[in-house]
Amino acid sequence: MAREILEMVVEKATLELPDTKTLQLKWPEGYNPDFKTGQFITVYWPDTPSYKRAYSLSSCALDRGFYEITIKRDGKMGTRIVDWAKEGDKFFVIPPVGKFLPVYGSGNHLICVAGGSGVTPFRAFVREATRRKLDTKITVMFSVRNPKGIIFKEEFEQLEKENPNFKFLVTCTRLTDEDPWTGRRGRITPEWVKENVTDLAKTYFYACGPNELVEFAEEVVLHGLGVPKEQMKTEKWG
Ligand SMILES: Cc1cc2nc3c(=O)[nH]c(=O)nc-3n(C[C@H](O)[C@H](O)[C@H](O)COP(=O)(O)OP(=O)(O)OC[C@H]3O[C@@H](n4cnc5c(N)ncnc54)[C@H](O)[C@@H]3O)c2cc1C
C-alpha cells in the first residue's frame, strides 16, 4: 500500500514568505505509510502527469495523517505551486524515498548547512529530535540573503527554546552596511563551521539545496575541514 501513487488533497496552503509556500497534503482514508524523516516525495498535478518534481518532506515521520512540503517560487513547478496551489487542489504523490536521513544517536552532533529553501528537511530533523527528546545535538547553519528570507524563523526559534540540544544559526549574505541586522554577516566559512564542532568523530554534516550551495558546503567540510566522506550527506536539487 505504501508504494502506491495516491491522489492527495491540499488541506492547507501556507505562505511562509512571499516566495515560499507549504502544502499540507492529506493522506487518504486508511493510508498509514512507513517512511523516514528526511525523505522526499515526488508530486504532479493531475492535468500534467508527465511533469513530476521531487520535494523534501518538511514534516517528520512522527507527523501522521499528512505530508508537508515547502516550495520556493523557482522554475516551472515551483512557480506554479507558489502562485496557484490552494486548499482543495489535488496532487498525485509518489511515496517517500531517499537516504538523506538524520543519524540520531546518543552523543551525535548533526551540523546541517542550508541555503534558502534547502532548510526544509532540517525542520523535519529538528521536529523529530525535539518531540522524541533525543540527546542528539543539531546545529542548523542557515545562509540567507537577508532576514526576510529566513523560512520557519518562528518555528526554529520555538524549537530552540524547547530543545537544549538544538542551535539555529543564521548568516545574511547580502546586507547593506546600514541594515539593522545584528547577527552574523557573510557566507558560511570553514572557520564558522569549525567553531561549532566539538567532537569531530561524532559529527555528521548535512547540506541540502541547489547544487551550487551543496558543492560549496562539500568544499568547506570535506576539503576545508578534512572530514571523511562517510560523515557527510548531501541532497542536490539541481
Ligand atoms: C530530492 C529533491 C528534493 C527537493 N526538495 C525541494 C524542496 O523541498 N523545496 C523546493 O522548493 N525545491 C525542492 N527541489 C527542487 C524541485 O524539485 C524543483 O526542481 C523546483 O521546484 C523547480 O521547479 P522545476 O524543476 O519545474 O523548474 P524548471 O523550470 O525545470 O527550472 C529548473 C531550474 O532552472 C532555472 N531555470 C528555468 N528556466 C530557466 C531559464 N530560462 N534561464 C535560466 N534559468 C532557468 C529555474 O530557476 C530553476 O532553478 C528538490 C529537488 C530534489 C531533486
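Remember, it's a predicted structure, so these values are computed and weren't measured experimentally.

## Comments concerning the site of the ligand
- As a matter of local geometry, the ligand sits amid 19 residues, with Gly75, Lys76, Met77, Gly78 and Trp237 nearest to it.
- Tallied by class, the residues present in the shell around the ligand amount to 7 nonpolar, 7 polar and 5 charged.
- Residue assignment places the shell around the ligand across two domains, with domain 1 (6–97) and domain 2 (109–236) each supplying three or more.

## Structural notes on helix α2 (residues 120–131)
- The terminal C-alpha atoms of α2, which comprises 12 residues, lie 17 Å apart, in line with the 16 Å expected from a rise of 1.5 Å per residue.
- Of all the 12 residues making up α2, 11 are buried; the element is thus mostly covered by neighbouring parts of the structure.
- Along α2, the residues that are buried comprise Thr120, Pro121, Phe122, Arg123, Ala124, Phe125, Val126, Arg127, Glu128, Ala129 and Thr130.
- Residue lysine 133 follows α2 closely and has a positive phi angle near 55°.

## Comments concerning the pairing of strand β12 (residues 232–236)
- Two strands pair when backbone bridges link them, and strand β11 (residues 203–209) and β12 are joined in this way by 5 bridges, in the parallel orientation. Its bridge partner being in β12, alanine 207 is matched across the sheet by threonine 234.
- Where the polypeptide runs from β11 across helix α5 (residues 211–224) and back to β12, its parallel neighbour, the crossover connection is right-handed.

## Observations concerning the sheet that holds strand β7 (residues 109–115)
- The 6 strands lie next to each other as β10-β9-β8-β7-β11-β12, forming an open sheet whose pairing is parallel. Each edge of the sheet is formed by a strand with only one pairing partner; in this case those strands are β10 (184–185) and β12.
- For strand β9 (residues 166–172) and β10, the ladder comprises 2 bridges, and the chain directions are parallel. Paired with threonine 171 across the strands is arginine 184, a residue of β10.

## As for the environment of phenylalanine 122
- Following the sequence through the fold, phenylalanine 122 ends up in helix α2.
- What makes phenylalanine 122 buried here is the crowd of 27 C-beta atoms within 10 Å.
- Each C-alpha atom of the pair phenylalanine 122 and phenylalanine 92 lies 24 Å from the other, and the pair is 30 residues apart in sequence.
- Among all residues touching phenylalanine 122, those that are not within four sequence positions of it are Cys112, Ala114 and Val140.

## Focus on the nonpolar core
- Core analysis: the biggest nonpolar cluster contains 50 residues, and Cys112, Val113 and Val140 have the highest contact counts within it.
- Shared between two domains, this core takes at least three residues from each, and those domains are domain 1 (6–97) and domain 2 (109–236).
- Sequence-distant contacts of cysteine 112, that is, excluding residues within four places in its chain, are made with Phe122, Phe125, Ile138, Thr139, Val140, Met141 and Tyr206.

## Section: the domain arrangement of the protein chain
- We note that the domain assignment places domain 1 (6–97) and domain 2 (109–236) within the protein chain.
- Each side of the interface is counted separately: domain 1 has 14 residues, and domain 2 has 16 residues.
- Secondary structure elements with two or more residues in the side of domain 1 that touches domain 2: β1 (6–17) and β5 (66–72).

## Things to note about the sheet that holds strand β3 (residues 40–44)
- Ordered in space as β4-β3-β6-β1-β2-β5, the 6 strands form an open sheet in which the pairing is antiparallel. Only two strands of the sheet have a single neighbouring strand rather than two, namely β4 (53–56) and β5. The mean inter-strand angle of the sheet, taken between neighbouring strand axes irrespective of direction, is 40°.
- When strand β2 (residues 20–26) meets β5, the two strands line up antiparallel, connected through 7 bridges. Residue pairing across strands places glutamine 24 opposite glutamate 68, the latter belonging to β5.

Conventions we followed
The written sequence of each chain sets the order in which its residues are numbered from 1. Side-chain atom pairs in this predicted model are given and counted only at pLDDT of 80 or more, local residue features only at pLDDT of at least 70, and totals for whole chains, interfaces and linings cover all residues. Residue proximity rests on one test: whether the C-beta atom, placed from the backbone, lies within 6 Å of the molecule or strand. Each residue gets one of three labels, nonpolar for Ala, Val, Leu, Ile, Met, Phe, Trp, Tyr, Cys and Pro, charged for Asp, Glu, Lys and Arg, and polar for the others, Gly among them. Where each domain begins and ends follows an automated or database-derived domain assignment. For the purposes of this entry, the term helix denotes a DSSP run of H or I that reaches at least four residues, the term strand denotes a run of E that reaches at least two, and both are numbered from the N terminus. Multiplying 1.5 Å by the residue count of a helix minus one yields the expected span of that helix. Residues with at least 20 other C-beta atoms within 10 Å of their own are called buried, those with 12 or fewer are called exposed, and the rest are partly exposed. The C-beta atoms themselves are positioned from the backbone. Only when DSSP finds a minimum of two bridges between them are two strands counted as paired. By convention a crossover is right-handed if, when the strands point away from the viewer, the path from the first strand over the helix to the second runs clockwise. By the convention adopted here, residues make contact when the C-beta atoms placed from their backbones lie within 7 Å. When buried Ala, Val, Leu, Ile, Met, Phe, Trp, Tyr and Cys residues are joined through C-beta atoms within 7 Å, the set is termed a nonpolar core. Axis geometry follows a simple rule: fit a line to the C-alpha atoms, using only the stretch in contact for helices, then measure angles between N-to-C directions, giving values from 0 to 180 degrees.

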